[in-house]
Amino acid sequence: MAPTPSSLSQPLNVRCTLTFGDIYGQVLIWMGVIFVSLAAGLALMGASRPLFALVGVGLILVLSLPFLLFAFITTLLNHIALVPQQDQQGAS
């Protein structure tokens, strides 16, 4: 159904319904990625080449960051709604 011109001129409120519960799983997964990469880095640190440990941790964090940001942004955008304003003329 196409919007009518009168509904397009109506003032709108931007409403965000995002709660911590919506992103809780994403936060836990990101923390898991960090802890696993740090554990791998510490395991490799004892090896003869500690440079591999630093590169490995950095690579894991840098490669996983775009996926984390994409998940956060799409979740946020899915919880933003444009709600028509209620008429305040009759209340006064």
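Enquirer: What am I meant to see in the overall build of the protein chain here?
Expert: Along the protein chain, the regular secondary structure elements total three helices and two strands. In the structure as shown, the protein chain presents an accessible area of about 7400 Å², 72% of it carried by carbon and sulfur atoms.

Enquirer: I tried to follow helix H3 (residues 50–78) on my own but got confused; where do I start?
Expert: One turn of the α-helix equals 3.6 residues, which is why residues spaced by three or four share an orientation. The first and last C-alpha atoms of H3 sit 43 Å apart over 29 residues, in line with the 42 Å expected at 1.5 Å per residue. When the local axis directions of H3 are compared, the greatest deviation, roughly 30°, occurs at Leu65, which is followed within four positions by the proline Pro66. Along H3, the residues classified as buried are Ala53, Val57, Ser64, Leu68 and Thr75. Residues of H3 that are buried in the fold lie against helix H2 (20–45).

Enquirer: So what exactly am I meant to see when it comes to a nonpolar patch on the surface here?
Expert: On the surface, a cluster of nonpolar side chains totalling about 660 Å² of accessible area is made up of Leu12, Val14, Ile73, Leu76, Leu77, Ile80 and Leu82. Those elements giving two or more residues to the nonpolar patch turn out to be strand E1 (12–16), H3 and strand E2 (80–84). The element contributing the most residues to the nonpolar patch is H3, with three residues. Locating Leu82 in the fold gives a position in strand E2. Leu82 sits in the exposed class, given a relative accessible area of 58%.

Enquirer: Could you clarify how one ought to interpret the packing of H2 against H3 in this entry?
Expert: A pair of packed helices can be characterised by two numbers: the angle between their axes and the separation between those axes. Orientation of H2 relative to H3, taken along the N-to-C sense of each, is 175°, at an axis distance of 8 Å. One finds that H2 runs roughly antiparallel with respect to H3. Taken together, the residues of the contact of H2 with H3 break down into 19 nonpolar, five polar and one charged.

Cut-offs used in this document
- Residues numbered from 1 in each chain as written.
- Predicted model: local features only at pLDDT ≥ 70, side-chain atom pairs only at ≥ 80, totals over all residues.
- Heavy atoms only, no water.
- Helix = DSSP H or I, 4+ residues; strand = E, 2+ residues; numbered from the N terminus.
- Areas by Shrake-Rupley, 256 points an atom, 1.4 Å probe, with all protein chains shown as cover.
- Expected span 1.5 Å × (residues − 1).
- Bend = angle between axes of the 7 residues up to and from the residue.
- Buried < 20%, exposed > 50% of the residue type's maximum accessible area, 1.4 Å probe, protein only.
- Contact = heavy atoms within 4.5 Å.
- Patch = residues over 30% accessible without salt bridge, like charges linked within 9 Å, V, L, I, M, F, W, Y side chains within 5 Å.
- Salt bridge = Lys/Arg side-chain N within 4 Å of Asp/Glu carboxyl O.
- Axes fitted to C-alpha atoms, helices over the stretch in contact; angles between N-to-C directions.
- Parallel < 35°, antiparallel > 145°, perpendicular 65-115°, else oblique.
- Nonpolar A, V, L, I, M, F, W, Y, C, P; charged D, E, K, R; others polar.

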